[in-house]
Every structure is written in C-alpha cells, then in structure tokens.
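These are the residues of each chain, in order.
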Amino acid sequence: MGLVREALARAGMTQTELAVATGLTRDHLSRVLLGKVAFPRSRDTLHALAVALGIDPLAFPEYRRSLQVLPESTRRLTAHLRARGISQAEWIRRIVPRYSEGHLQQVLRGGVPFPREAETIALFAEAAEAEPLLFPEYLPLDAWRPRLSRAAALTLPPPEARQLEALLDRLAQRLPATLDGDGFAERLLERFLAKAFGPAPPADPELDDALAYLPPLESYQPQVRALLAALHDQRLTVAELAGRTGLPRDELFAIFNGQLRLKPGPTQDILSAALGVTDAT
C-alpha cells in the first residue's frame, strides 16, 4: 500500500482518478489502501495499477509471484529485463510502433503465446539487449532434431550421421549455458539454495528481488527438495548437472524452479543417481 501511496503522490493523482484508470471502484481502492481488503493479485489489475502510476509492475511482489505461471520464454524475457535494468515500459517503447503497446503488454502478462516467428523474436530480443537464441522458439531444436537425424540417416554414410548426432548432442547441452549471458538463471538458483540451506549469502538486491520468481522451498515435492539439497552440497551448477546426466538444461531449470513436477521414472532415477540421492521421498 505504501508503494501505491508514494506513486500516487509523485504522479499527482487522486484515488478517484486512479480508480477510473484501473477499472476499480473508488470504494474498493480506498479499502485496499487502508489495508481492509487484500491487495490485488490479478496480473491484469496489478499491471493496470503500474501503468496508471507510471511504475514498473515488477515493483509489486504480488506481480512477481504471478510470473511463476508465465510461459518459459515470457519468464526469460521478464527476468532478463530485470537483470539488465530495463523497465517493461522502456522495452515496449523500443518496439512500438512495429507492434501495438496493447499486444506487447499482453505478451508480458502471458495473455498471448510467445511469438514463434524468427523476425519477431529477434526484434523482441534486440529491444531487451538479449540474444534471440535465448528463447527456445527461435531455434526449436527439439522439434527439428528428429528431421535432421532422419535426413542424415537417409543421405549420409553411417559414420558421418553419427558425427552429426554427436554435434547435435553438444549443441543441445552447451547452447543454453552459452546464452545465459551473465549466468543470471544459475546465480538466482544458487542464491535460492544458499538462503534455503545456508550459509546465508551477502545482500544482493537484484537477486533478492528476483527470488519472488521462485516458489518457497516448502512447496516443492519432497524428492525435488532432496535433489536441491544435494545440488547445493555438491556445489554443482545446473549446466554441470546437465552435462553429467545428458538431461536438457531447460528441463532441469523447470524442475528446480518449481515449474515442472518431477514424476517417478527415468528422469528422477537419473537425477537421483547423479546426485547420490538414495531416498528422495
């Protein structure tokens, strides 16, 4: 509530004007600011508040928590903007008028699918000062690989076809780690583990704010908590674990970031064996 009151004062707006701009009733907004009702949790409402007040919606902890349900590429874009210190409004300004402001806001809110056209992804990436290959849709290797393998099997001698498969393996394992730039995703998970299992790390406002992207440790499955503890104890990065297990790095991040449930089966068995977790239940 304090953040909204301060932004209201800076913008010279009244509560009535803010209510009109956001679609909230004057009475409900007043009760929110007085703490009589819960602060909004709807991503659309929070985004409307931020736009009306001229602030970054990521300033709201509730908005950052809502990002946990965003598509992977949208999460990557949002995290990258925050890591680079680029506000969502600035990112949008760099792209308009090629795309409408409303459409770009929908992309950031997860209201529309992340684009799959290479030209559009390149434009989004340039505005975010990112490499377009950061987004899986730009190079859908998982979708293309079976076709490439089939083409190699039909047209190349077996030794050359095996060489191509080996190169594709290396590309799949090394590309995500290379594109992580300053290692933001790795640093964020490392900080999460340090706060969860100790020792407590020094203050880092950028990473501490971004921890809102991750669910609390107690909400993870017991087997995933055991794997996270082992990952922390062994001081392994996700990239190193991906290389050790042959599992996709993005899949490991999705599991350790709480986006993907770990089901009994080969993936759980491989991770347990690689990390020496004998009882992950």
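Attention here is on the structure that accompanies the text. (Residues numbered from 1 in each chain as written. Predicted model: local features only at pLDDT ≥ 70, side-chain atom pairs only at ≥ 80, totals over all residues. Heavy atoms only, no water.)

### Notes on the overall build of the protein
For step 1, the next point in the chain: Tallying secondary structure elements over the protein gives 17 helices and zero strands in all.
For step 2, the next point in the chain: Along the first, second and third principal axes, the C-alpha atoms of the protein reach 75 × 45 × 30 Å.
For step 3, the next point in the chain: Relative to its full complement of 281 residues, the protein shows a buried share of 43%.
For step 4, the next point in the chain: Once local pairs closer than 6 in sequence are excluded, the contacts in the protein between residues at least 24 apart make up 56%.
For step 5, the next point in the chain: Summing over all exposed atoms, the protein offers an accessible surface of approximately 14,700 Å²; the carbon and sulfur share of this is 54%.
For step 6, the next point in the chain: Separation between the mean location of the 33 positive side-chain charges and that of the 34 negative ones in the protein comes to 3 Å. (Helix = DSSP H or I, 4+ residues; strand = E, 2+ residues; numbered from the N terminus. Buried < 20%, exposed > 50% of the residue type's maximum accessible area, 1.4 Å probe, protein only. Contact = heavy atoms within 4.5 Å. Areas by Shrake-Rupley, 256 points an atom, 1.4 Å probe, with all protein chains shown as cover. Lys, Arg positive; Asp, Glu negative; His and termini not counted. Charge placed at Lys NZ, Arg CZ, Asp CG, Glu CD.)

### A few points about the pattern of salt bridges
For step 1, the next point in the chain: Following the criterion strictly, the structure yields six salt bridges and no others.
For step 2, the next point in the chain: A salt bridge links Glu165 to Arg145, with the shortest nitrogen-to-oxygen separation between them at 3.1 Å. You can see Glu165 sitting in helix α11 (residues 158-179) and its partner Arg145 sitting in helix α10 (residues 141-155), a full 20 residues away along the chain.
For step 3, the next point in the chain: The exposure class assigned to Glu165 is partly exposed, which follows from its relative accessible area of 26%.
For step 4, the next point in the chain: Between Asp169 and Arg145 there is a salt bridge whose closest N-O contact spans 2.6 Å. (Salt bridge = Lys/Arg side-chain N within 4 Å of Asp/Glu carboxyl O.)

### Some details on the packing of aromatic side chains
For step 1, the next point in the chain: Evaluation of the coordinates by the stated rule reveals six aromatic pairs.
For step 2, the next point in the chain: With a centroid separation of 6.2 Å and 85° between ring planes, the pair formed by Phe114 and Phe124 is classed as edge-to-face. Remark: Phe124 occurs in helix α9 (residues 118-127) and Phe114 occurs in the loop between α8 (101-109) and α9; sequence separation between them is ten residues.
For step 3, the next point in the chain: For Phe114, a relative accessible area of 7% gives the class buried.
For step 4, the next point in the chain: Site record: aromatic cluster; members linked through ring pairs are Trp91, Tyr99, Phe114, Phe124 and Phe135. (Phe/Tyr/Trp six-rings, centres within 6.5 Å; stacked < 30°, edge-to-face > 60°.)

### Considerations on unusual backbone geometry
For step 1, the next point in the chain: At the junction of Val96 and Pro97, the peptide bond is cis and its omega measures out at 10° in the coordinates.
For step 2, the next point in the chain: Looking at where Pro97 falls in the secondary structure, it is placed in the loop between α7 (88-95) and α8.
For step 3, the next point in the chain: Note the cis peptide between Gly198 and Pro199, where omega equals -5°.
For step 4, the next point in the chain: In this structure, Glu129 is a non-glycine residue whose phi angle is positive, near 55°.
For step 5, the next point in the chain: Mapped onto the elements, Glu129 comes out in the loop between α9 and α10.
For step 6, the next point in the chain: Judged by its relative accessible area of 45%, Glu129 falls in the partly exposed class.
For step 7, the next point in the chain: At Arg235, a position not held by glycine, the phi torsion is positive, near 55°.
For step 8, the next point in the chain: By the secondary structure assignment, Arg235 is in the loop between α14 (222-233) and α15 (238-245).

### A few points about the nonpolar core
For step 1, the next point in the chain: Membership of the largest hydrophobic core comes to 28 residues, with the highest contact counts inside it found for Leu189, Phe192, Leu228 and Phe256.
For step 2, the next point in the chain: The residues touching Leu228, leaving out its near neighbours within four places in the chain, are Leu189, Phe192, Leu193, Phe197, Leu217, Tyr220 and Phe256.
For step 3, the next point in the chain: Listed in part, the 19 residues of the second largest apolar core include Ile92, Phe114, Phe124 and Ala127. (Core = buried A, V, L, I, M, F, W, Y, C linked by side-chain atoms within 4.5 Å.)

### Considering the side chain of Gln88
For step 1, the next point in the chain: In this structure, Gln88 sits in helix α7.
For step 2, the next point in the chain: Each residue touching Gln88, except ones within four places of it in the same chain, is listed here: His47, Asp56, Pro57, Leu58, Tyr63, Thr78, Leu81 and Leu108.

### Description of α14
For step 1, the next point in the chain: Along its twelve residues, α14 runs 17 Å from first to last C-alpha, staying within 8% of the 16 Å computed at 1.5 Å per residue.
For step 2, the next point in the chain: Downstream of α14 by one or two residues, Arg235 has phi in the positive range, about 55°. (Expected span 1.5 Å × (residues − 1).)

### Overview of the packing of α15 against helix α16 (residues 249-256)
The description of two helices packed together rests on the angle between their axes and the distance between the axes.
For step 1, the next point in the chain: Interhelical geometry of α15 versus α16 gives an angle of 125° and a closest axis separation of 9 Å. Here α16 runs oblique to α15, going by the angle between their axes. In this structure, the crossing between α15 and α16 has a hand that is right-handed. Facing Val238, Ala239, Leu241, Ala242 and Thr245 of α15, the residues of α16 in contact are Arg249, Leu252, Phe253 and Phe256.
For step 2, the next point in the chain: Classifying every residue of the contact of α15 with α16 by side-chain character gives seven nonpolar, one polar and one charged. (Axes fitted to C-alpha atoms, helices over the stretch in contact; angles between N-to-C directions. Parallel < 35°, antiparallel > 145°, perpendicular 65-115°, else oblique. Left-handed = near helix turned anticlockwise from the far one by under 90°. Nonpolar A, V, L, I, M, F, W, Y, C, P; charged D, E, K, R; others polar.)

### Concerning the packing of helix α2 (residues 15-22) against helix α4 (residues 43-53)
For step 1, the next point in the chain: With their axes 9 Å apart at the nearest point, α2 and α4 run at an angle of 130° to one another. Classified by the angle between their axes, α2 and α4 sit oblique to one another. Judged by the sense of rotation from one axis to the other, the crossing of α2 with α4 is right-handed. Within the contact between the two elements, α2 uses Leu18, Ala21 and Thr22 and α4 uses Ala48, Leu49, Ala52 and Leu53.
For step 2, the next point in the chain: Here the contact of α2 with α4 is composed, by residue class, of six nonpolar, one polar and no charged.

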